[in-house]
Amino acid sequence: CRQGAEGRVDARYLSWALSSEGARERLRQLVRGSSMPFLAVADLAMFEVALPSIDRQRLIVRIHALRRRATELSQRLDRSLEQLLEAAVGLPAS
C-alpha cells in the first residue's frame, strides 16, 4: 500500500480491497510453482493496493457492508415469498 497523506489504513478496507476480483487475479499472476504454489516475499512486497483517504476507505467499507446486508435481506425476502407461494397453492414448505 502506498500511504496517503494521513498514512492510515482501515483493516476492513484492506480486507475488502485484497478480496476484490481484480486483486485476486493480480495475486494469482504472482503465484509461482505448480506442485506447491507460493508467493515470493519480494513479489508480495511490490503488490500495490489503491489507498484513498481514511474517510474514503471507511465510506467504501460502509457501502460494502450495506451491499452485503441488502443481499442478505433480498435472499430472506425471496425465501419468504417462496414460502408464501407454496402455502397459497398448498405445497409442502421446503
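Data block above holds the structure.
K.L.:
An account of the packing of aromatic side chains is needed here, citing residue identities and associated values.
P.N.:
Following the criterion strictly, the structure yields one aromatic pair and no others. A ring pair is formed by Tyr13 and Trp16, whose centres lie 5.7 Å apart and whose planes are at 40 degrees; its orientation type is tilted. Linking Tyr13 with Trp16, this pair stays in helix H1 (residues 11-19), spanning three residues, or about one helical turn. Its relative accessible area of 4% is what places Tyr13 among the buried residues. Residue Trp16 is classed as partly exposed on the basis of its relative accessible area of 33%.

K.L.:
If you had to explain the side chain of Gln57 to someone new, which residues and values would you point to?
P.N.:
Considering the arrangement of structural elements, one finds Gln57 in helix H4 (residues 54-89). Gln57 sits in the buried class, given a relative accessible area of 0%. In contact with Gln57, not counting residues within four places along its chain, are Arg8, Val9, Asp10, Tyr13, Leu51 and Pro52.

K.L.:
So, H4: which residues are in play, and what are the values?
P.N.:
Owing to its 3.6 residues per turn, the α-helix aligns residues three or four sequence positions apart on the same side. In a regular helix each residue adds 1.5 Å, so 36 residues correspond to 52 Å; H4 covers 53 Å between its end C-alpha atoms and thus fits that length. Among all positions in H4, only Ile54, Gln57, Val61 and Glu86 are buried. In this fold, the buried residues of H4 make contact with H1.

K.L.:
Let's hear about the packing of H1 against H4: which residues, and what values?
P.N.:
Relative orientation and spacing of two packed helices are given, respectively, by the angle between their axes and the distance between those axes. Interhelical geometry of H1 versus H4 gives an angle of 65 degrees and a closest axis separation of 9 Å. Between H1 and H4 lies a crossing of left-handed hand. Counting all contacts with H1, which are made through Arg12, Tyr13 and Trp16, the residues of H4 involved are Gln57, Arg58, Ile60, Val61 and His64. Its residues placed into classes, the contact of H1 with H4 shows four nonpolar, two polar and two charged.

K.L.:
Which residues make up the packing of H1 against helix H2 (residues 21-30), and what are the values?
P.N.:
Between H1 and H2, the shortest axis-to-axis distance is 5 Å and the interhelical angle comes to 65 degrees. From H1, Ala17, Leu18 and Ser19 reach across to H2, where they touch Glu21, Ala23 and Arg24. Here the contact of H1 with H2 is composed, by residue class, of three nonpolar, one polar and two charged.

Parameters and conventions
- Residues numbered from 1 in each chain as written.
- Predicted model: local features only at pLDDT ≥ 70, side-chain atom pairs only at ≥ 80, totals over all residues.
- Heavy atoms only, no water.
- Phe/Tyr/Trp six-rings, centres within 6.5 Å; stacked < 30°, edge-to-face > 60°.
- Helix = DSSP H or I, 4+ residues; strand = E, 2+ residues; numbered from the N terminus.
- Buried < 20%, exposed > 50% of the residue type's maximum accessible area, 1.4 Å probe, protein only.
- Contact = heavy atoms within 4.5 Å.
- Expected span 1.5 Å × (residues − 1).
- Axes fitted to C-alpha atoms, helices over the stretch in contact; angles between N-to-C directions.
- Left-handed = near helix turned anticlockwise from the far one by under 90°.
- Nonpolar A, V, L, I, M, F, W, Y, C, P; charged D, E, K, R; others polar.

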